[in-house]
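Architecture at a glance
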Amino acid sequence: LSAQIQLASDSAKGAMARLSGGTPPAMPDTETTLDHLRARIAATIDYVKSVPAEAVDGSEERDVVLKTPSGDIPFKGLAFLTGFALPNFLFHVTTAYAILRHSGVPLGKLDFLGRG
């Protein structure tokens with residue numbers, strides 16, 4: 001569970017940094033409790049909210065390079081967001097949700113989708 005939350009956090013802050021031209025905050029993967037994970041989620045949300053919209057506006061054509069152990073993967077901003085960043089984020093959030101459900105946490109579909 002911890003790894004899924006950490007990876008979702010990394011995905012969100014990394015996407016925001018790449019699209020805004022900024023640097024994401026470092027967050028060591030040391031969370032061992034639910035309170036630690038909640039704090040990481042809150043810090044990730046705070047970072048995403050701290051990036052001014054103007055920094056992301058117009059990033060559809062920005063060159064984004066994702067560095068992987070297998071090599072660099074080049075994208076344009078919009079393709080990176082829609083073809084990699086959002087699917088990757090949702091994969092890890094969905095996996096965390098499934099782990100919680102499997103562990104007996106009483107979650108339903110609206111807990112995943114949000115209640116508005």
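So, a few notes on the structure that sits alongside this text. Here the structure is a predicted model, which is why all the values come from computation and not from measurement. (Residues numbered from 1 in each chain as written. Predicted model: local features only at pLDDT ≥ 70, side-chain atom pairs only at ≥ 80, totals over all residues. Heavy atoms only, no water.)

**Remarks on the side chain of H92**
Inspection of the secondary structure assignment puts H92 in helix α4 (residues 77–102). Every residue in contact with H92, bar those within four places of it in the chain, is listed here: Q4, L7 and A8. (Helix = DSSP H or I, 4+ residues; strand = E, 2+ residues; numbered from the N terminus. Contact = heavy atoms within 4.5 Å.)

**A word on the packing of helix α1 (residues 2–20) against helix α2 (residues 34–50)**
The axes of two packed helices give the description: the angle between them and the distance between them. It is the contact of α1 with α2, at a shortest axis distance of 10 Å, that shows an interaxial angle of 10°. Considering their axes alone, α1 and α2 lie roughly parallel with respect to each other. Contacts from S2, I5, Q6, S9, D10, A12, K13, M16 and A17 of α1 reach α2 at L37, R40, I41, T44, Y47 and V48. Partitioned by chemical class, the residues of the contact of α1 with α2 number eight nonpolar, four polar and three charged. (Axes fitted to C-alpha atoms, helices over the stretch in contact; angles between N-to-C directions. Parallel < 35°, antiparallel > 145°, perpendicular 65-115°, else oblique. Nonpolar A, V, L, I, M, F, W, Y, C, P; charged D, E, K, R; others polar.)

**Notes on the environment of T23**
Its location among the elements puts T23 in the loop between α1 and α2. Separated by 53 residues in sequence, T23 and K76 place their C-alpha atoms 18 Å apart. With residues near it in sequence (within four places) discarded, T23 still touches A17 and Y47.

**Things to note about the pairing of strand β1 (residues 63–68)**
As defined by bridge partners, β1 adjoins strand β2 (residues 71–76) across six bridges and the pair is classed as antiparallel. Among the inter-strand pairings, L66 is bridged to a residue of β2, identified as I73. If you look at the hairpin formed by β1 and β2, you'll find two residues sitting between the two strands. (Pairing = 2+ DSSP bridges.)

**Re the nonpolar core**
A15, L19, V64, L66, F75, F80 and A85 form the largest nonpolar core, which has seven residues in total. Sorting the residues of this core by element identifies α1, β1 and α4 as the ones contributing at least two each. Sequence-distant contacts of F80, that is, excluding residues within four places in its chain, are made with A15, R18, L19, V64, F75 and A85. (Core = buried A, V, L, I, M, F, W, Y, C linked by side-chain atoms within 4.5 Å. Buried < 20%, exposed > 50% of the residue type's maximum accessible area, 1.4 Å probe, protein only.)

**A short note on the pattern of salt bridges**
Under the counting rule described, the total for this entry stands at seven salt bridges. Here K13 and D10 are joined by a salt bridge, their closest N and O atoms 3.5 Å apart. Highlighted residues: K13 and D10, both in helix α1, separated by three residues, approximately one helical turn. On the accessibility criterion, K13 (7% relative accessible area) is buried. Assessed through its relative accessible area of 28%, D10 is described here as partly exposed. The partner of D63 in a salt bridge is K76, with the nearest N and O atoms 2.6 Å apart. Here the residue D63 occupies a position in strand β1, and K76 occupies one in strand β2, the gap between them amounting to 13 residues. Classification of K76 by relative accessible area gives partly exposed; the value is 36%. (Salt bridge = Lys/Arg side-chain N within 4 Å of Asp/Glu carboxyl O.)

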